[in-house]
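# Descriptive analysis of the structure
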Amino acid sequence: MTFRQVTKKIIQAIALAMVFPSAFLSWFGRVLPVYTFFAHLYALGPGLPGGYLRSAYYRLTLQESSMNTTIGPGTIFVHPSASIGKGVSVGCYCVIGRVLVGQWTQIASHVEIPSGRKQHDRDEAGMMVGSYDEQLTIGAYCWIGASAVVLANVGDNSTIGAGAVVVKDIPPGSTAVGNPARVIRTAGAQVV
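Here the structure is a predicted model, which is why all the values come from computation and not from measurement. (Residues numbered from 1 in each chain as written. Predicted model: local features only at pLDDT ≥ 70, side-chain atom pairs only at ≥ 80, totals over all residues. Heavy atoms only, no water.)

With that settled, the discussion passes to the side chain of Ser26. The topology assignment puts Ser26 in the loop between helix H1 (3–25) and helix H2 (32–43). A residue is classified by how much of its surface remains accessible, and Ser26, at 0% relative accessible area, is buried. One polar contact links the side chain of Ser26 to the main-chain amide nitrogen of Gly29, over a distance of 3.1 Å. For Ser26, the residues in contact, after removing those within four places along its chain, are Val31, Val34, Tyr35, Tyr57 and Thr61. (Helix = DSSP H or I, 4+ residues; strand = E, 2+ residues; numbered from the N terminus. Buried < 20%, exposed > 50% of the residue type's maximum accessible area, 1.4 Å probe, protein only. Polar contact = N/O pair within 3.5 Å; in protein donor to acceptor, adjacent residues only side chain to side chain. Contact = heavy atoms within 4.5 Å.)

If you want it as structure tokens, here you go:
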């Protein structure tokens with residue numbers, strides 16, 4: 001290991017030790033109000049120290065997460081059932097629900113990935129009742145452009161353009177743009 005790698009491991013260990021009490025208080029993500037409080041608190045952390053603390057907190061509380069992630073300030077994973085693969089990079093001010101994010105995927109700033117297309121149901125009087133809790137999958141090696149809204153699954157090696165609104169599943173190796181997002185290219189072939 002190089003000096004830089006050793007230094008990074010030491011900083012990650014310190015960050016894990018610092019966030020352990022808050023992760024423990026949330027019972028490692030099982031007590032949702034406490035989990036949410038600390039997720040919002042760590043989202044405020046600026047710069048490199050804030051990034052290490054966010055990665056450490058989510059490592060201890062999410063369904064799965066690596067310390068080798070980059071999570072920008074203002075970003076929050078709203079439910080601990082989310083999963084983040086190794087090497088994932090998430091920009092600033094993203095809101096991410098129940099989603100499985102594959103390794104080495106990059107998510108730009110201001111992206112919203114709620115837990116699917118159906119958020120709430122309505123009764124006969126039109127009043128909101130309950131909520132749907134779907135779990136989405138964003139494949140490995142994807143790029144999600146700035147301010148995109150992803151409401152459906154995205155296959156591996158796909159690109160979602162900035163500002164796109166994804167309402168239907170995107171096949172692997174595709175490029176999708178627009179509102180609603182439509183596939184304009186799949187695995188090297190251009191779609192007309």
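Further remarks concern the environment of Ile138. Within the fold, Ile138 resides in strand E11 (residues 136–138). A relative accessible area of 1% places Ile138 in the buried class. In contact with Ile138, not counting residues within four places along its chain, are Val99, Leu100, Val101, Gly102, Thr105, Ile113, Ile144, Val150 and Val154.

Let us now look at the pairing of strand E16 (residues 174–177). Here E16 shows a clear split, with Ser174 and Ala176 buried on one side and none of Thr175 and Val177 buried on the other. Relative to E16, strand E14 (residues 159–160) runs parallel, the two sharing two bridges. Considered in E16, the bridge of Ile160 is made with Ala176. Pairing of E16 with strand E17 (residues 182–186) involves four bridges; the strand directions are antiparallel. Among the inter-strand pairings, Ala176 is bridged to a residue of E17, identified as Val183. (Pairing = 2+ DSSP bridges.)

Let us look at the nonpolar core. Ranked by size, the top nonpolar core spans 41 residues in total, and within it Tyr57, Tyr58, Phe77, Ile107, Ile113 and Ile160 carry the most contacts. Sorting the residues of this core by element identifies H1, H2, helix H3 (47–61), strand E2 (76–77), strand E6 (99–101) and E11 as the ones contributing at least two each. Setting aside anything within four residues of it in sequence, one finds Phe77 in contact with Tyr35, Ala39, Tyr58, Leu62, Ile71, Ala82, Ile84, Val90 and Ile96. (Core = buried A, V, L, I, M, F, W, Y, C linked by side-chain atoms within 4.5 Å.)

Put simply, the second largest pocket is a space of about 190 Å³. If you go around the second largest pocket, you meet 13 residues; those closest to its centre are Leu48, Gly51, Tyr52, Thr69 and Thr70. Only H1, H3 and strand E1 (70–71) provide two or more residues apiece to the lining of the second largest pocket. The element contributing the most residues to the lining of the second largest pocket is H3, with six residues. Tallied by class, the residues present in the lining of the second largest pocket amount to four nonpolar, seven polar and two charged. (1 Å grid on protein atoms, 1.4 Å probe; cavity = no way out; pocket = protein on both sides within 12 Å on 5 of 7 lines; lining within 4 Å. Points joined across faces, edges and corners; volume = space filled by probe spheres on them. Nonpolar A, V, L, I, M, F, W, Y, C, P; charged D, E, K, R; others polar.)

That is the geometry; function is a separate question.
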